[in-house]
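# Working through the structure, step by step
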Amino acid sequence: MEPTPCVDLQSAHTLAGLADELRAEGIGVQVVEARSSVRERLRGEGLDQWLGGIDRFTSVADVVDSAQKAG
């Protein structure tokens, strides 16, 4: 999410809904490399639970490596 400068309320909830649908199919979603404004909005709406946590230090490569090791 690094290139995304901001997320509005509707987009945040749409993203959470998508993550929920994907989780029902056994697919995990994690927000990584998000800017502070995006992290604040998602956390402020309590969406970090739905989005697998929100971490500015974890990279896309870290998540891919972790998924490959898990399975």
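In short, a report on the structure. (Residues numbered from 1 in each chain as written. Predicted model: local features only at pLDDT ≥ 70, side-chain atom pairs only at ≥ 80, totals over all residues. Heavy atoms only, no water.)

Attention now moves to the overall build of the protein. Secondary structure assignment for the protein yields three helices and two strands. Rg of the C-alpha trace for the protein: 12 Å, near the compact-globule value of 11 Å for 71 residues, within the 12% margin. C-alpha atoms of the protein, sized along the principal axes, occupy 35 × 25 × 15 Å. The 71 residues of the protein split such that 21% are buried. Long-range pairs, those at least 24 residues apart, make up 65% of the contacts in the protein between residues at least 6 apart in sequence. Looking at the protein as shown, the accessible area adds up to about 4800 Å², and 51% of this sits on carbon and sulfur atoms. (Helix = DSSP H or I, 4+ residues; strand = E, 2+ residues; numbered from the N terminus. Rg over C-alpha atoms; globule rule 2.2 N^0.38 Å. Buried < 20%, exposed > 50% of the residue type's maximum accessible area, 1.4 Å probe, protein only. Contact = heavy atoms within 4.5 Å. Areas by Shrake-Rupley, 256 points an atom, 1.4 Å probe, with all protein chains shown as cover.)

This paragraph deals with the nonpolar core. By size, the foremost hydrophobic cluster in this structure holds eleven residues: Val7, Ala12, Ala16, Ala19, Val31, Ala34, Val38, Leu42, Leu47, Leu51 and Ile54. The element that contributes the greatest number of residues to this core is helix H1 (residues 9–24), accounting for three residues. With residues near it in sequence (within four places) discarded, Val31 still touches Met1, Leu42, Leu51, Gly53, Ile54 and Asp55. (Core = buried A, V, L, I, M, F, W, Y, C linked by side-chain atoms within 4.5 Å.)

Phi angles above zero are rare outside glycine, and Glu33 is one such case at about 55 degrees. Mapped onto the elements, Glu33 comes out in the loop between strand E1 (31–32) and helix H2 (36–44).

Moving on to H2. For H2, the complete set of buried residues consists of Val38, Arg39 and Leu42. Buried residues along H2 cover an arc of 100 degrees about the axis, so they all sit on one side. In H2, the exposed residues that point more than 90 degrees away from the buried face are Glu40 and Gly44. Looking at the packing, one finds that the buried side of H2 touches H1, E1 and strand E2 (54–55). Immediately downstream of H2, the backbone of Gly46 shows phi near 70 degrees, a positive value. (Arc of directions from axis to C-beta.)

Now for the environment of Ser11. The residue Ser11 is located in helix H1 in this model. Through-space distance from the C-alpha of Ser11 to that of Leu51 is 13 Å; in sequence the pair is 40 residues apart. A polar contact of 2.6 Å, which involves the side chain of Ser11, links it to the side chain of Asp8. (Polar contact = N/O pair within 3.5 Å; in protein donor to acceptor, adjacent residues only side chain to side chain.)

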